[in-house]
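Summary of structural features
Here's the letter readout for the chains.
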Amino acid sequence: MNAENQSCSERLVTAAYVRQGAQGRRAHELRLRALLEQGKCPEDGWDESTIELFLHELAIMDSNNFLGNCGVGEREGRVVSGLVARRHYRLIHGIGRSGDISAVQPKAAGSSLLNKLTNSLVLDVIKLAGVRTVTSCFVVPMATGMSLTLCFLTLRHKRPKAKYIIWPRIDQKSCFKSMITAGFEPVVIENMLEGDELRTDLEAVEAKIKALGAENILCVHSTTSCFAPRVPDRLEELAVICANYDIPHIVNNAYGVQSSKCMHLIQQGARVGRIDAFVQSLDKNFMVPVGGAIIAGFNESFIQEISKMYPGRASASPSLDVLITLLSLGASGYKKLLKERKEMFSYLSSELKKLADNHNERLLDTPHNPISLAMSLKNLDETNDAAVTQLGSMLFTRQVSGARYWKVVIRSPQSLLQAEQPKPSQPVVTGDVLQSCSQLHGPPLDLLQQFHVLMLATPELYTVLQGLCMGGDAALGLLSTKNWSLSGVFNQEALLDCVGNGERQQVVEMDTGILRLAQANQEERLGHKGS
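Residues numbered from 1 in each chain as written. Predicted model: local features only at pLDDT ≥ 70, side-chain atom pairs only at ≥ 80, totals over all residues. Heavy atoms only, no water.

Time to look at the pattern of salt bridges. One pass over the structure, following the stated rule, counts 17 salt bridges. In this structure, the salt-bridge partner of Glu29 is Arg25, at a minimum N-O distance of 2.9 Å. Here the residue Glu29 and the residue Arg25 both occupy positions in helix α2 (residues 15-38), the gap between them amounting to four residues, near one helical turn. Given the relative accessible area of 29%, Glu29 is considered partly exposed. (Salt bridge = Lys/Arg side-chain N within 4 Å of Asp/Glu carboxyl O. Helix = DSSP H or I, 4+ residues; strand = E, 2+ residues; numbered from the N terminus. Buried < 20%, exposed > 50% of the residue type's maximum accessible area, 1.4 Å probe, protein only.)

Okay, structure coming up:
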């Protein structure tokens, strides 16, 4: 209510009461003014009435909410359901324009202001979380995987000859698919086992860069947040390698904003070497619905290039969600959550250690992973093959979600080849997975989906598979006749149908898309036959 309307109100209500009411409104407006002037997350969180007042003020600045507006174009913010309109606070136009997701819309000044403010607040929080020299960021209405793809597509224009992406292995599908979707070939660098931890093999990264040629490499795609026993990549060393070879460096920081360690790695990597952009998920770091990410970096012009690569307008929902959340929490509230997460991680670690000791298991020593913990289930698995799966089911039915279970065999494929007959007391693959200790597995693929297989086989099995390939259903290559290691692309259903004679074939998908095929005798679960 402006001064003129206030004066009119005094004709109807006692002037002292009107002035008192105006002072109350003034308190809300002072908060709005401080937000607009500073563009930073307020130190203390706002109450919901202030937030809703602000969103209403933004909404009436959009043309679809003008009194008497007559929109005749194809994009006029038309919403038939009142419930949908209220869900979005009548901010219907979305953000950006066809050429730039960060551009201002002439018909939607309120939504554009919301977009700019959200990006500004998020930048402030990223600095607060530890990356103090970050210069630019923007919220994109896509999850982490597609946001990484957007970064890769932007780099394509800078490095038109490049076709490879160097990728220290992380067993998560979206990371792998982000590179494939962008049209590049991932060059997987296996990690090194150091104690209980899986760590970046820097020598292998540099050797692959020299072998492929730096000009043929689009970027190095590294990772901070990950599941134990994998630990964050050696970001500082990778950043130095990228700077030395003039190769871009994109960091998958999916749920790393909540970790001061992950943010410190990014800050240090940018200080000593090269990091072009780092991508983080909104839902994992800011507790909002799935569907948004933040792309941030140290070169404002490059981050702007990425935003201009986004085709068309975008949904304002992720920006609206994170803006409401940050205004509700305030900087002090978010810092409190970061502190509580550290305390809970320490508590969880100590309690899991006690649990492991009580059951003759072991909490793996992964000090470089500040987010995830891993505990062995060896004794449970030896008691009953289905016990691990049952444990997962029991936890889930008791509303404990998010835990992951893998069967890991700490034996190399070569050692399996050399063993004539394992003793019953030894941990042996029973068809679930054949892999080195540094590799984990997840659920099987759809039977009709094609996949890449690396396998150890017998000459007889090689002959059978070769016949399958000649039928046009697969492609097979013999890597070595010394141990009959094969590489091929198969249709899972056709592959399983072609192998019989009492032998069981289990195909297990690796999260990266690489799979292993293990061969086991159906009569003897602890034995193996030729594989």
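Ranked by internal contacts, the top residues of the largest apolar core, which has 45 residues, are Phe54, Ile126, Phe278 and Phe286. In contact with Phe278, other than residues within four places in its own chain, are Ile126, Val131, Val134, Val251, Asn253, Ile266, Ile294, Ile295, Ala296, Gly297 and Phe298. Counting residues in each nonpolar core, the second largest holds 33 residues, with Ala162, Ala277, Ala314 and Ala316 among its members. (Core = buried A, V, L, I, M, F, W, Y, C linked by side-chain atoms within 4.5 Å. Contact = heavy atoms within 4.5 Å.)

Taken in spatial order, the seven strands of this open sheet run β1-β9-β8-β7-β6-β2-β3, and their pairing is mixed. Two strands lie at the open edges of the sheet, namely β1 (136-140) and β3 (185-189), each paired on one side alone. Direction aside, neighbouring strands of the sheet carry axes that sit 20 degrees apart on average. As paired strands, strand β6 (residues 217-223) and strand β7 (residues 249-252) are joined by four bridges and run parallel to one another. If you follow Ser222 over to β7, its bridge partner there is Val251. Helix α5 (residues 109-129) rests against β1, β8 (277-281) and β9 (293-297) of the sheet, and its axis sits at about 120 degrees to β1. (Pairing = 2+ DSSP bridges. Axes fitted to C-alpha atoms, helices over the stretch in contact; angles between N-to-C directions.)

This part takes up the environment of Gly213. Among the secondary structure elements, Gly213 is positioned in the loop between α8 (202-212) and β6. Along the chain, Gly213 and Ala162 lie 51 residues apart, while their C-alpha atoms are 9.4 Å from each other.

Before going further, it helps to spend a moment on helix α7 (residues 173-181). Those residues of α7 that sit buried are Cys175, Phe176, Ser178 and Met179. In an axial view of α7, the angular spread of the buried residues amounts to 155 degrees, which keeps them on one side of the axis. What points out from α7, more than 90 degrees from its buried face, is the exposed set Lys177 and Thr181. Check the buried side of α7 and you find it contacts α6 (144-158), β2 (164-168), β3, β6 and β7. Phi for Gly183, located one or two positions after α7, is positive at around 90 degrees. (Arc of directions from axis to C-beta.)

Our focus in this paragraph is unusual backbone geometry. Residues Ala228 and Pro229 are joined by a peptide bond in cis, for which omega reads 10 degrees. Mapping Pro229 onto the fold places it in the loop between β6 and α9 (235-245). The residue Asp246 is not glycine, and still its phi comes out positive at about 55 degrees. Relative to the elements of secondary structure, Asp246 occurs in the loop between α9 and β7. A positive phi angle, close to 55 degrees, is found at Met287, a residue other than glycine. Tracing the backbone shows Met287 in the loop between α11 (282-286) and β9. Taking relative accessible area as the criterion, Met287 reaches 56% and is therefore assigned exposed.

This next bit is on a nonpolar patch on the surface. On the surface, a cluster of nonpolar side chains totalling about 370 Å² of accessible area is made up of Leu12, Val13 and Tyr17. Looking at the secondary structure, you find Leu12 in the loop between α1 (3-9) and α2. Judged by relative accessible area, which is 77%, Leu12 ranks as exposed. (Patch = residues over 30% accessible without salt bridge, like charges linked within 9 Å, V, L, I, M, F, W, Y side chains within 5 Å. Areas by Shrake-Rupley, 256 points an atom, 1.4 Å probe, with all protein chains shown as cover.)

What follows is about the side chain of Glu361. Tracing the backbone through its elements, the reader meets Glu361 in the loop between α13 (317-358) and α14 (378-383). Of the side chains with opposite charge, Arg362 comes closest to the buried, unpaired Glu361, at an N-O distance of 7.9 Å. A polar contact of 2.6 Å, which involves the side chain of Glu361, links it to the side chain of Ser376. A polar contact of 2.8 Å, which involves the side chain of Glu361, links it to the backbone nitrogen of Asn379. (Lys, Arg positive; Asp, Glu negative; His and termini not counted. Polar contact = N/O pair within 3.5 Å; in protein donor to acceptor, adjacent residues only side chain to side chain.)

So, about the pairing of β3. In the sheet, β2 pairs with β3 via five bridges, with the strands oriented parallel. Residue pairing in the sheet places Trp167 in a bridge with Val188 of β3. A crossover links β2 with its parallel partner β3, the connecting element being α7, and its sense is right-handed. (Right-handed = clockwise from strand over helix to strand, strands pointing away.)

Turning to the packing of α8 against α9, a few remarks are in order. Contact geometry for α8 and α9: axes closest at 11 Å, N-to-C directions at 20 degrees. Classified by the angle between their axes, α8 and α9 sit roughly parallel to one another. The chirality of how α8 crosses α9 is right-handed. Contact residues: Leu202, Val205, Glu206, Ile209 and Lys210 in α8; Glu237, Leu238, Ile241 and Tyr245 in α9. Per-class residue counts for the contact of α8 with α9 are six nonpolar, no polar and three charged. (Parallel < 35°, antiparallel > 145°, perpendicular 65-115°, else oblique. Left-handed = near helix turned anticlockwise from the far one by under 90°. Nonpolar A, V, L, I, M, F, W, Y, C, P; charged D, E, K, R; others polar.)

Model confidence for the protein is summarised by a mean pLDDT of 79, while 76% of its residues fall at 70 or above. Throughout residues 470-495 the model reports pLDDT below 50, and contacts reaching past four residues in sequence, or to other chains, amount to 84 contacts. A low-confidence stretch, residues 498-531 (pLDDT under 50), is modelled with 115 contacts involving residues beyond four sequence positions or located in other chains. (pLDDT = per-residue confidence, 0-100.)

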